[in-house]
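The primary structure of each chain is shown beneath.
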Amino acid sequence: MSAQPHATPAAARKAVTLPRLLEMKQQGEKIAMLTCYDACFSSLLDASGVDILLIGDSLGMVLAGMPSTLPVTMEMMEYHTRSVAAGNKTAFVLADMPFGSYQESPEQAYRNAARLMAAGANMVKLEGTAWLADTVSYLTTRDIPVCAHLGLTPQSVSALGGYRVQGKDAKAAKILKTNAKAMQDAGAQLVLFELIPGKLGADISRTLTVPTIGIGAGVDCDGQVLVLHDMLDVFPGKKPKFVRNFMDNQPSIQAAIQAYVAAVKNRTFPGPEHTF
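Residues numbered from 1 in each chain as written. Predicted model: local features only at pLDDT ≥ 70, side-chain atom pairs only at ≥ 80, totals over all residues. Heavy atoms only, no water.

Student: Tell me about the side chain of D46, residues and numbers included.
Tutor: Relative to the elements of secondary structure, D46 occurs in helix α2 (residues 39–47). Exposure remark for D46: the relative accessible area of 9% places this residue in the buried category. Polar contacts involving the side chain of D46 include one to the main-chain amide nitrogen of A91, which spans 3.2 Å. For D46, the contacting residues outside a window of four places in its chain are R13, N88, K89, T90 and A91. (Helix = DSSP H or I, 4+ residues; strand = E, 2+ residues; numbered from the N terminus. Buried < 20%, exposed > 50% of the residue type's maximum accessible area, 1.4 Å probe, protein only. Polar contact = N/O pair within 3.5 Å; in protein donor to acceptor, adjacent residues only side chain to side chain. Contact = heavy atoms within 4.5 Å.)

Listed below in structure tokens is the structure:
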């Protein structure tokens, strides 16, 4: 039995680009992002109106059963980036740089980022604070767009002491704001915040000129992201507070994804129950 391609939406959209993402922020239109790891889901998410497809290093845990994201390799990220790009038509493609692929030097980061761009990414994502500014600048001045990942950074979970909300007190919040500004000044065109108080997410989103994406960072970020397998309720175990099961009362996976996009766009997700 052969697989059939998903139908394209009736009103086909233009390709989502960096200028379009900035325009969405300026116009107050929320950005919907989901993780994606293969061509089949790439086609489905694109047809369902997801703006950004994130090939997350979460694939190590979700697809390969790894205990964390740390063992994920460049070869794995290249393979899945190529697969997602093959199924996509209009969504923006963002690829994680795995642990150990960029921390050594800006030159190392460039070599590995170039591999992901050649595999089909439109942008790469790096986890880190102000120490990464030189690397972000090195990449962006060489035409590799960068998303900076701040707050809880899973690749640093051992150093952070576990999966804990970041920026809870005034000092930590000030540091996060400083780091976000440093990343923007270094050339980052997108900033993703994970597991920070909703008020802090709102404050930083108002301050930055580039779009912000939140996961457990409140409704006032310019966009939202979830792990696909979490929002479809197929990943086993207890879900984080910021996750909502969009398969509830939906007849199909596509309907669940469309419900997620609609909830992000109309600001009904995340709700107070998903916010710190």
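After that view of the structure, there is still more to cover.
Student: Mind laying out the nonpolar core, listing which residues take part and the relevant values?
Tutor: Judged by nonpolar contacts, the single largest core of 83 residues is most densely connected at M33, L34, V124, F193, L226, F246 and Y260. Here this core gets seven residues from one element, more than from any other, and that element is helix α11 (residues 253–265). (Core = buried A, V, L, I, M, F, W, Y, C linked by side-chain atoms within 4.5 Å.)

Student: Help me get a handle on the pattern of salt bridges, residues and values and all.
Tutor: Where charged atoms from two side chains of opposite charge approach closely, those side chains can pair. Going through the model one piece at a time under the given rule, you end up with 15 salt bridges. Here R20 ties to E23 by a salt bridge, and the two come within 2.8 Å at their closest N and O atoms. With a gap of three residues between them, R20 and E23 both fall in helix α1 (residues 18–27), about one helical turn apart. Overall, the relative accessible area of 33% leaves E23 in the partly exposed class. Residue R20 is joined to E29 by a salt bridge in which the shortest nitrogen-to-oxygen separation is 2.7 Å. (Salt bridge = Lys/Arg side-chain N within 4 Å of Asp/Glu carboxyl O.)

Function cannot be read off these values alone, since they describe shape.
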